[in-house]
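Now for the letters of each chain:
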Amino acid sequence: MGHGHHIEIKQENFVVPAKAKRFAILMMVIGLVLTGIGLATLGGSNAHSHDAVAHETEAHAAESHQENHGGETAAAHESHEEAHAEAHGNVENEKFGPRAAFHAEEKPAMTRFWANLLVAGFYFLMISLCALFWVAVQYVANAGWSTAIKRVPEAMLTFIPVPFVVLMLAVLVAKTDLYHWAHYEHLHLGPGDAGYDKVLDGKSGFLNSTMLLAFPTILVAIWYMLGRKLRSLSAQEDQATKGDVSFFKKSIRYSAGFAVLFGFTISIIVWLFIMSVDAHWYSTIFGVYNFISTWVTAISIIALFVVYLKKEGYLAIVSDEHIHDLGKFMFAFTIFWAYVWLSQYLLIWYAHIPEEMYYYQIRFEDYKANFLGNLILNFCVPFLFLLMRSAKRFRPLLVTIAVTMCLAHYHDIWFNVFPGVFGPGMQIGVMEVGVYMTFAGLFIYWVLTALTKRGLIAVNHPYIEESAHHDVGV
Amino acid sequence: MAILDKNLSLRNRNKMLVGVYEDEDNVMHATQSLVDAGIRVHDVYTPYPVHGLDRIMGIRRSRLARVAFFCGLTGLSLAVTMIWYMYVHDWPMNIGNKPERFTPSWIPVMFEATVLCTAFGMGFFFFWRNRMLHGVKNEVLDLRQTDDRMIIAVETQEGMDEKSTLELMKKHGAVELREFHNGVQTIL
């Protein structure tokens, strides 16, 4: 990095190595086979045997029981337990009755497959959107250092339509099994009818099939158009004369527009697709929480692609300094993820209000290993490793942590959906692994192909020189 | 005050050769050629950070990160001790029927105390180590080093060719050359 060394900025054209192609296709094939095995072993009905339903009902009864009588003595508690055993046939009237009933509902076995598509579609849609957001943020913040790697997120954002189509397919086919509110909407109940649910009725202005179709479609279409615009401006800039900043200035304006729009509207997508899985429950920070989860994943994936391209001999002007900064981003947003996670948990834990509690109750009591594992893999492990400077600069370690984070945050989204849809007793199985691998293989193939569509270096970007000389110091 | 870096002080030193520059590129080139010629550069004073200068001068990585880590640990243990003493030991409190042992409500306090001690500790130790604490007397080579000039200082050693050192500084665009000894500046 010594001064005075002139760094020549040369255009590079990426060709997907045959090995990478084979790897991505193999991943897709294995993924499809595993998904097939998962589908074949589903059986005719859903995962809940009648025992499981009974067990769940009791569990919920006991939960609400503790809820009401937490401070009482053990003896009183026992007597309540007995009294309760007689009454628990009448689950519907329990505090969590409607939800338990929805979980106990006989669902087609395929629901698990659709739920998997919901999780994978959402995860990859959000990652592609976050890549677009990354591009926009770099423009709005006037960032220079990241110019050398900007073609990677630009390639990632082209993936937006694919997971979106899958996601919409999943929710449209299976919405009544995935979402309690959609199931309820289907019943057309009015006040006074048996099974009338005041909460779901009150939310029906927002949580309804029209909204589920219209809102995401309109928003994703606008976001994607802005993304394509930024991408095409970036491509036109390559052809323009050096020193022409008109494309750069235009990009800033589009980026600012996108960043504001995205910032305000991303929560809506998260509410509709993920939060409405627990239809009675709500959390105001939920949108931010899901966004950060996928945002930190997107940054990890950018780091993975950059390290890979470096390994293949591309991105000559990218140095350890850029990779170090990507590592810092991963570190910072790992902490922020934990911050947001705790912000949501702490308030609900402190207030101890039953209708807020049940989101954590089911996840803590019936999924303790997932609950704690989620925290350890998404926070403790990346935090402790990325704390070291050497971990951010030593590529094998950085890659290991980035891959861990990609998987762990997938679990984070999975963990928001599955206990809400199916109740207790679900675990990551062959199908979950299969669907993830299929998507990941497709994503890798797609992004690598998109990278070949234009030069790897934004040679005429006004900050490319600054980026080439980027130095974070000793 | 043992942590105060005596090496940074200009007092009780051999004669200093001082080059004044107006441009950061010139400073970089001059420093590089001095280092290449085997001359130890005492320090370079610039009004703003000049990227790459640290590498040229061969400055080792700052230990501030380690200081930050231990300040953070101190803050964390202070917070835990404080909460435990107030909330569990001295006057056990029942708030919303939450247990007295470690609960999530401890975490924000632990977090804030960690951040507080880290930030304050880093600031304090940074200033201490760099002789910038209030009351520490320092010689300043040129007041403009905090404004629009950049200063290279080379400490003369036994058997050093002062003339060629000054020429080297001049060659790379020094606008002024000076000597500094025992608080007295001589313009050359």
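Calculation notes
- Residues numbered from 1 in each chain as written.
- Chains lettered and ligands numbered in written order.
- Predicted model: local features only at pLDDT ≥ 70, side-chain atom pairs only at ≥ 80, totals over all residues.
- Heavy atoms only, no water.
- Helix = DSSP H or I, 4+ residues; strand = E, 2+ residues; numbered from the N terminus.
- Buried < 20%, exposed > 50% of the residue type's maximum accessible area, 1.4 Å probe, protein only.
- Contact = heavy atoms within 4.5 Å.
- Areas by Shrake-Rupley, 256 points an atom, 1.4 Å probe, with all protein chains shown as cover.
- Phe/Tyr/Trp six-rings, centres within 6.5 Å; stacked < 30°, edge-to-face > 60°.
- Lys NZ or Arg CZ within 6 Å of the ring centre and 35° of its normal.
- Salt bridge = Lys/Arg side-chain N within 4 Å of Asp/Glu carboxyl O.
- Polar contact = N/O pair within 3.5 Å; in protein donor to acceptor, adjacent residues only side chain to side chain.
- Nonpolar A, V, L, I, M, F, W, Y, C, P; charged D, E, K, R; others polar.
- Patch = residues over 30% accessible without salt bridge, like charges linked within 9 Å, V, L, I, M, F, W, Y side chains within 5 Å.
- Lys, Arg positive; Asp, Glu negative; His and termini not counted.
- Charge placed at Lys NZ, Arg CZ, Asp CG, Glu CD.
- Pairing = 2+ DSSP bridges.
- Axes fitted to C-alpha atoms, helices over the stretch in contact; angles between N-to-C directions.
- 1 Å grid on protein atoms, 1.4 Å probe; cavity = no way out; pocket = protein on both sides within 12 Å on 5 of 7 lines; lining within 4 Å.
- Points joined across faces, edges and corners; volume = space filled by probe spheres on them.

Structural notes on the overall build of chain A
Okay, so step 1: Counting its secondary structure elements, chain A contains 19 helices and 0 strands.
Okay, so step 2: When burial is assessed residue by residue, chain A has 56% of its 474 residues classed as buried.
Okay, so step 3: Taking all contacts inside chain A whose residues are at least 6 apart in sequence as the whole, residues at least 24 apart take part in 85%.
Okay, so step 4: Accessible area of chain A: about 19400 Å², with a carbon and sulfur share of 66%.

Focus on the side chain of Ser267(A)
Okay, so step 1: Mapped onto the fold, Ser267(A) is located in helix α11 (residues 246-273).
Okay, so step 2: The class for Ser267(A) is buried, based on a relative accessible area of 16%.

A look at the environment of Ala450(A)
Residues and elements named next belong to chain A.
Okay, so step 1: By secondary structure assignment, the location of alanine 450 is in helix α18 (residues 430-452).
Okay, so step 2: For the pair alanine 450 and phenylalanine 264, spaced 186 residues apart in the sequence, the C-alpha separation amounts to 29 Å.
Okay, so step 3: Every residue in contact with alanine 450, bar those within four places of it in the chain, is listed here: Ala155, Thr158 and Arg231.

Some details on the packing of aromatic side chains
Okay, so step 1: Under the definition given, this model contains 61 aromatic pairs over all chains.
Okay, so step 2: Note on Phe124(B) and Phe125(B): the rings are 5.5 Å apart at their centroids and 80° apart in plane angle, and the pair reads as edge-to-face.
Okay, so step 3: Given a relative accessible area of 40%, Phe124(B) falls into the partly exposed group.
Okay, so step 4: For Arg363(A), the ring lying beneath its charged end belongs to Phe415(A), and the centroid distance is 6.0 Å.

Describing the interface of chain B and chain A
Okay, so step 1: In this complex, chain B contributes 21 residues to the contact, which on the side of chain A involves 17 residues.
Okay, so step 2: Linking chain B with chain A are 2 salt bridges, by the criterion used here.
Okay, so step 3: Its salt-bridge partner being Asp471(A), residue Arg55(B) comes within 2.5 Å of it at the nearest N-O pair.
Okay, so step 4: Taken together, the connections running from chain B to chain A amount to 4 residue pairs in polar contact (both at pLDDT 80 or more).
Okay, so step 5: Breaking the side of chain B that touches chain A down by element, the ones donating at least two residues are α1 (24-36), α2 (53-57) and α4 (106-129) of chain B.
Okay, so step 6: The class makeup of the residues in the side of chain B that touches chain A is 9 nonpolar, 6 polar and 6 charged.

Focus on a positive patch on the surface
Residues and elements named next belong to chain B.
Okay, so step 1: A contiguous patch of positive charge on the surface is contributed by Arg60, Arg61, Arg63 and Arg66.
Okay, so step 2: Within the secondary structure, arginine 60 sits in the loop between α2 and α3 (64-90).
Okay, so step 3: Residue classification places arginine 60 among the exposed residues on the basis of a relative accessible area of 70%.

Here we look at the sheet that holds strand β1 (residues 16-21) of chain B
Residues and elements named next belong to chain B.
Okay, so step 1: Strand order in the open sheet formed by 5 strands is β2-β3-β1-β4-β5, with antiparallel pairing between adjacent strands. Strands at the two margins of the open sheet, each flanked by one partner only, are β2 (41-45) and β5 (184-187). Put simply, the sheet's adjacent strands are angled 20° from each other on average, direction ignored.
Okay, so step 2: Across 4 bridges, strand β4 (residues 176-181) lies against β5 in antiparallel orientation. Bridged to arginine 178 within β5 is isoleucine 187.
Okay, so step 3: In the packing of helix α5 (residues 162-171) onto the sheet, the strands contacted are β1, β3 (150-155) and β4, and the crossing angle to β1 comes to about 10°.

Brief notes about a nonpolar patch on the surface
Okay, so step 1: A contiguous nonpolar patch, built from Leu384(A), Leu387(A), Phe69(B), Phe70(B), Leu73(B), Leu76(B) and Val80(B) and spanning about 610 Å² of accessible area, is present on the exposed surface.
Okay, so step 2: It is α3(B) that contributes the most residues to the nonpolar patch, 5 residues altogether.
Okay, so step 3: In this fold, Leu76(B) is placed in helix α3.
Okay, so step 4: For Leu76(B), a relative accessible area of 32% corresponds to the partly exposed category.

Some points on empty space enclosed by the protein
All names here are of chain A.
Okay, so step 1: Applying the stated rule across the entire model yields 3 cavities of 30 Å³ or more.
Okay, so step 2: Size it by volume and the largest cavity reaches roughly 80 Å³.
Okay, so step 3: Per-element tally for the lining of the largest cavity: the top contributor is helix α5 (residues 111-140), with 4 residues.
Okay, so step 4: Of the residues contributing to the lining of the largest cavity, the split by class is 5 nonpolar, 4 polar and 1 charged.
Okay, so step 5: A volume near 70 Å³ is recorded for the second largest cavity.
Okay, so step 6: Those elements giving two or more residues to the lining of the second largest cavity turn out to be α13 (320-351), α14 (354-365), α15 (368-386) and α17 (395-422).
Okay, so step 7: Class assignment for the residues of the lining of the second largest cavity results in 6 nonpolar, 3 polar and 1 charged.

Points about the pairing of β1(B)
All names here are of chain B.
Okay, so step 1: Summarising burial for β1: 6 of the 6 residues are buried, a large majority.
Okay, so step 2: Pairing between β1 and β3: 6 bridges, direction antiparallel. Of the residues in β3, the one forming a bridge with valine 20 is isoleucine 151.

Remarks on unusual backbone geometry
All names here are of chain B.
Okay, so step 1: The phi dihedral of asparagine 97 falls on the positive side, at around 60°, and the residue is not glycine.
Okay, so step 2: Inspection of the secondary structure assignment puts asparagine 97 in the loop between α3 and α4.
Okay, so step 3: Judged by its relative accessible area of 53%, asparagine 97 is exposed.
Okay, so step 4: The phi angle at arginine 131 is positive, at roughly 60°, despite the residue not being glycine.
Okay, so step 5: Here arginine 131 shows up in the loop between α4 and β3.

Let's talk about the environment of Val173(A)
All names here are of chain A.
Okay, so step 1: Within the fold, valine 173 resides in helix α7 (residues 161-178).
Okay, so step 2: Given the relative accessible area of 47%, valine 173 is considered partly exposed.
Okay, so step 3: Along the chain, valine 173 and alanine 240 lie 67 residues apart, while their C-alpha atoms are 47 Å from each other.

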